Each structure stands twice: as structure tokens, then as C-alpha cells.
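What the coordinates show
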Amino acid sequence: MSELHYDLMDLSVGAPAIRTPRSASDAAISAILAGHTTYTPRRGIPELLAAIRFKFDRVNGVAFTEDEIFVGAGAKHVLFCLLSAILKPGDEVVVPSPHYVGYPGLVRRAGGVPVFVDVRAEPDQVLGVAALAKVLGPRTRAVILNTPSNPTGAVIPAARLRELGTCVRAHSDAYIISDELYETFVYEGEHTSIASMSEFAAATIVVNGVSKTYGMTGWRIGYAGGPADVIQHAVTIQAELSNCPSSIGQWAGWGAITDPEASTETVAVQRARRDRAVAALQGLPGVDVSPPSGGIYLFADLTHVGRDPGDPRAPLPPGEFVDFAEAVHGVRLGAGAKFGAPHHARLTFAIDDDVLDEGLTRISEAVAEVYRKP
Ligand code: PLP
């Protein structure tokens, strides 16, 4: 057996290794010193709401009014408030799968039922219209679209967004919840917000935040734009839960969003890491992975790892390789089961180069050793 590694290389993290921009920290410190440390308006401070409006308009081509926006304690909390606002017990929410770990729990906590649509067999793992049409019906209250996707990295092209939106409208009265948290991480194609298509605007809610783009997961600031009545209801729920998001976090978010230089790591840097990681994994026997168009993760199919073609034994049990790689080779991957794909593993490539490279080396060692096992 190989030597044990105690210095774990954690490639399972759900965030890029990006430092909070100086402008955000400065804004937060100034806010503390100026005494902006009390409750804020329930939907967020006017300065941040104005900055978000401007960003939606300039970057996404969506013109929201102030009563169509609110700020919450991270995109996850924003999603919970929105789902709680629109769902009645038993309402269905369509969740393309593989999916962000948080969606099923959020939907269930809000009283809904997640309806998963497997996109793995679709070209580029982008939700197809036929697959969507099959699950839409009178009980469907929302369809979640996550572009770029966590974990697959799929970016939904504008033409497909239009088809999907048309399909939702034809077969249901559902809202489209467009989770665009990774919008700045796009390597192929371009990010389009479905909310910019006027025919769907009345039933589309965009969720976004500062967590990934600016390396600000701990500040807990997310936001949404959508129909005023839904947003107002979500704000009421937020007020019942926590009054408002953190005042200091909001000022930090304002500092980041209003600073044109704030996104420190360029797309070129992440693309180079993506390509290195793909090249390292594609050469490994049994590992099936392709370069994602966006996001910060590789989502590798490990079904055949450890089994030569023609080997009559069953594939390794789901998750076994992930456990083995961590226990014996000191590299942590995200087990696919949480994302709805038990034989897959998620790997974050938007991390420091030395951690990424050492992690990739250890994965290749782990794969080699699995093949040597009896
Ligand atoms: N949506 C997606 C697709 C995510 O990947 C995450 C976090 O990983 C969230 C929402 C939650 O983000 P936040 O940290 O802002 O709550």
C-alpha cells in the first residue's frame, strides 16, 4: 500500500480559492467604523439594491425596479425565501440533475416535491425540451435552471433557454428560477439570463450573489430579481426569519459589486486550470470526463474505474473510489451521490495551482492502485 498522506488535498470545496476583494473589505470596515451596525431595511440597503439593479441592467440586460429585487443571507437563503413564497404543500419543482446539493432539501423544507430530470444523456448535459415537457403539469410550480451548472459546468445557450421557457409556458403556470451564481465562470459560449427575454420576464426569478464571483462565501450575501409580488412575499418571509441580512455583509457586497476591478482571478486563469485538470484525468483508465463550458468543477464519471474492459466483475460500489482516494491517497473529492449521480465525483479546479496539481497527481496514483487491487 502507498504511503499515507496526512496533508489532505481538498478538491471537494464548493467555492473558488479567490480572496475577498480589497474594495469589499474596505467597505465593510468603513461601515463598521461608521456605525452601520443596526438592522437594515428588510429587502436590503438602498445602496446595494441600486448597485444590483445597475448590474442586472448592464451585465444581464434585465431592467428590474427596486421593488423587484431583494438581498438575503446568501443565494441559498434567498432560494429558500423564494420557494417558501411560491410553494404550497405538495407543489412540484423541476430540478435538472445532476444538481446543486442544496436544491432537494430547500424544495422539501419549503413544502414542495423535487422532480428530477436526468440530463446526463443529453448533448452537453443541457436540459432538453422533450425531457422537460414530460415532467411539466398542473402541479409544477417552478423549474430551476442553473447556468452555468454546479456540478456539470453546462452552460445553457440562449436558443435553448428560449425553447425551455416556451415549453414551461405551454405546459404549466410555473415560475422559472434561474440560478446564475456562476455566471462569471464561462469558458465556451456565453452566459445568457433567461430573464432578459421579455416573453418570460413575468414568470422568471433570477438568483445570484457574491459568493463565487468575488470569493465571498462567508459574507453570506445573495440576491434575487423577479416579479414584485413574489419578491415582496419572499421579503416578508426573510423578515420573519432574520429581519434582514447582515448590515456589514451588505456593505461588503456593495463594495465588490461597485468595484469594476473586483473580480481578481480572470477567466483565463480558471480556463487554464480547467484544461490542466481535464488533461490529467482524461488520460486515466476508466475515468470519463470532458471539459465543462463553465463553472468551477469537473464532474467525472468513475463507473469504470478499477475494471478493465471485459472484466466480468461488477463496477466498484458507488463512492468507493472517492472514499479510497481520501483515506489512502489524501485527496478529497465530492461524492457524486449528493449531486444525483452516485458513480460520479466532483472536483473543484478553481483552486491554488499547487493544491490542484498535487491533488491530480494523487488521483492518478489512486486510480493506478485500484487497478492493482485483486
Ligand atoms: N446555487 C448554487 C448553484 C450553488 O452552487 C450554491 C453554493 O454552492 C448556492 C446556490 C448557494 O450559494 P450561497 O453560498 O451564496 O448561499
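Residues numbered from 1 in each chain as written. Predicted model: local features only at pLDDT ≥ 70, side-chain atom pairs only at ≥ 80, totals over all residues. Heavy atoms only, no water.

Some words on the domain arrangement of the chain
- Domain parsing of the chain yields domain 1 (9-18 + 265-371) and domain 2 (36-257).
- Its C-alpha centre places domain 1 at a distance of 28 Å from the equivalent point of domain 2.
- Residue-level contacts link 22 residues of domain 1 with 22 residues of domain 2.
- Each partner contributes to the roughly 1900 Å² buried at the junction of domain 1 and domain 2, and carbon and sulfur atoms together form 59% of this total.
- Three residues, Ile-18, Ser-293 and Phe-339, lead the burial of domain 1 against domain 2; their summed loss comes to 26% of the area buried on that side.
- The tally of links between domain 1 and domain 2 comes to 1 salt bridge.
- Measuring nitrogen to oxygen at the nearest pair gives 2.7 Å for the salt bridge that ties Glu-188 to Arg-274.
- For the side of domain 1 that touches domain 2, the secondary-structure elements that each account for two or more residues are helix H9 (267-282), strand E9 (297-301) and strand E12 (344-348).
- For the side of domain 1 that touches domain 2, the residue count by class is 11 nonpolar, 7 polar and 4 charged. (Domains from an automatic or database assignment. Contact = heavy atoms within 4.5 Å. Buried area = accessible area lost by both parts, 1.4 Å probe. Salt bridge = Lys/Arg side-chain N within 4 Å of Asp/Glu carboxyl O. Helix = DSSP H or I, 4+ residues; strand = E, 2+ residues; numbered from the N terminus. Nonpolar A, V, L, I, M, F, W, Y, C, P; charged D, E, K, R; others polar.)

Focus: the environment of Gly-359
- Relative to the helices and strands, Gly-359 is located in helix H11 (residues 353-372).
- In sequence terms Gly-359 and Arg-332 are 27 residues apart; their C-alpha atoms lie 8.2 Å from each other.
- Filtering out sequence-adjacent residues up to four positions away, Gly-359 remains in contact with Met-9, Leu-11 and Val-331.

With respect to the sheet that holds E9
- In spatial order, the strands read E9-E12-E11; together these 3 strands make up an open sheet with antiparallel pairing. Among the strands making up the open sheet, the edge pair consists of E9 and strand E11 (334-335).
- Together, E9 and E12 form the strand contacts of H9, whose direction differs from that of E9 by roughly 15°. (Pairing = 2+ DSSP bridges. Axes fitted to C-alpha atoms, helices over the stretch in contact; angles between N-to-C directions.)

Some points on the pairing of strand E6 (residues 175-179)
- The element E6 is extensively covered by neighbouring structure, given that 5 of its 5 residues are classed as buried.
- Here E6 shows two buried faces, one formed by Tyr-175, Ile-177 and Asp-179 and the other by Ile-176 and Ser-178.
- The sheet contact formed by strand E5 (residues 140-146) and E6 spans 5 bridges and is parallel. Counted as the bridge partner of Leu-145 is Ser-178 from E6.
- In terms of handedness, the path from E5 via helix H6 (residues 158-171) over to E6 forms a crossover that is right-handed.
- Sheet topology places E6 next to strand E7 (residues 204-209); 4 bridges connect them, and they run parallel. (Buried < 20%, exposed > 50% of the residue type's maximum accessible area, 1.4 Å probe, protein only. Right-handed = clockwise from strand over helix to strand, strands pointing away.)

A few points about the environment of Ile-351
- By the secondary structure assignment, Ile-351 is in the loop between E12 and H11.
- What makes Ile-351 buried here is its relative accessible area of 5%.
- In the structure, Ile-351 is positioned 70 residues away from Leu-281 in sequence and 16 Å away in space, judged by C-alpha atoms.
- Excluding residues that lie within four positions of it along the chain, Ile-351 makes contacts with Asp-10, Leu-11, Val-13, Ala-17, Arg-273 and Leu-356.

Remarks on empty space enclosed by the protein
- Summed over all chains, the structure comprises 4 cavities of 30 Å³ or more.
- By volume, the largest cavity amounts to about 170 Å³.
- In terms of lining, the largest cavity is formed by 18 residues, of which the most central are Pro-96, Pro-98, Asn-146, Ser-149 and Ile-156.
- If you list the elements that add at least two residues to the lining of the largest cavity, you get strand E3 (92-97) and E5.
- Top contributing element to the lining of the largest cavity by residue count: E5, with 3 residues.
- When the residues that make up the lining of the largest cavity are grouped by side-chain class, the tally is 12 nonpolar, 6 polar and no charged.
- Around the second largest cavity, the lining residues are Leu-302, Val-305, Leu-316, Pro-317, Pro-318, Gly-319, Glu-320, Phe-321, Val-322, Pro-342, His-343 and His-344.
- No other element matches helix H10 (residues 320-329), which puts 3 residues into the lining of the second largest cavity.
- Taken together, the residues of the lining of the second largest cavity sort by class into 8 nonpolar, 3 polar and 1 charged. (1 Å grid on protein atoms, 1.4 Å probe; cavity = no way out; pocket = protein on both sides within 12 Å on 5 of 7 lines; lining within 4 Å. Points joined across faces, edges and corners; volume = space filled by probe spheres on them.)

A few points about helix H4 (residues 102-109)
- Listed in full, the buried residues belonging to H4 are Gly-102, Tyr-103, Pro-104, Leu-106 and Val-107.
- At its buried positions, H4 is contacted by helix H3 (75-86), E3, strand E4 (113-118), E5 and E6.
- Just downstream of H4 lies Gly-111, where phi reads positive at about 95°.

What about the packing of H10 against H11?
- Relative to each other, H10 and H11 sit at 110°, their axes nearing to 10 Å. Classed by the angle they form, the pair H10 and H11 counts as roughly perpendicular. Where H10 crosses over H11, the handedness of that crossing is right-handed. Only Arg-362, Ile-363, Glu-365, Ala-366, Val-367, Glu-369 and Val-370 of H11 make contact with H10, whose side of the interface consists of Phe-321, Phe-324, Ala-325, Val-328 and His-329.
- Looking at the contact of H10 with H11 residue by residue, the class counts come to 8 nonpolar, 1 polar and 3 charged. (Parallel < 35°, antiparallel > 145°, perpendicular 65-115°, else oblique. Left-handed = near helix turned anticlockwise from the far one by under 90°.)

Observations regarding the site of the ligand
- The immediate surroundings of the ligand are formed by 13 residues, with Asp-179, Tyr-182, Ser-211, Lys-212 and Arg-220 found nearest.
- Between an oxygen atom of the ligand and a side-chain N or O atom of Tyr-182, the distance comes to 2.7 Å.
- Lys-212 has a polar side-chain atom sitting 2.6 Å from an oxygen atom of the ligand.
- Alone, the ligand offers 390 Å² of accessible surface; in the complex the protein occludes 93% of this. (Near = heavy atom within 4 Å. Polar contact = N/O pair within 3.5 Å; in protein donor to acceptor, adjacent residues only side chain to side chain. Areas by Shrake-Rupley, 256 points an atom, 1.4 Å probe, with all protein chains shown as cover.)

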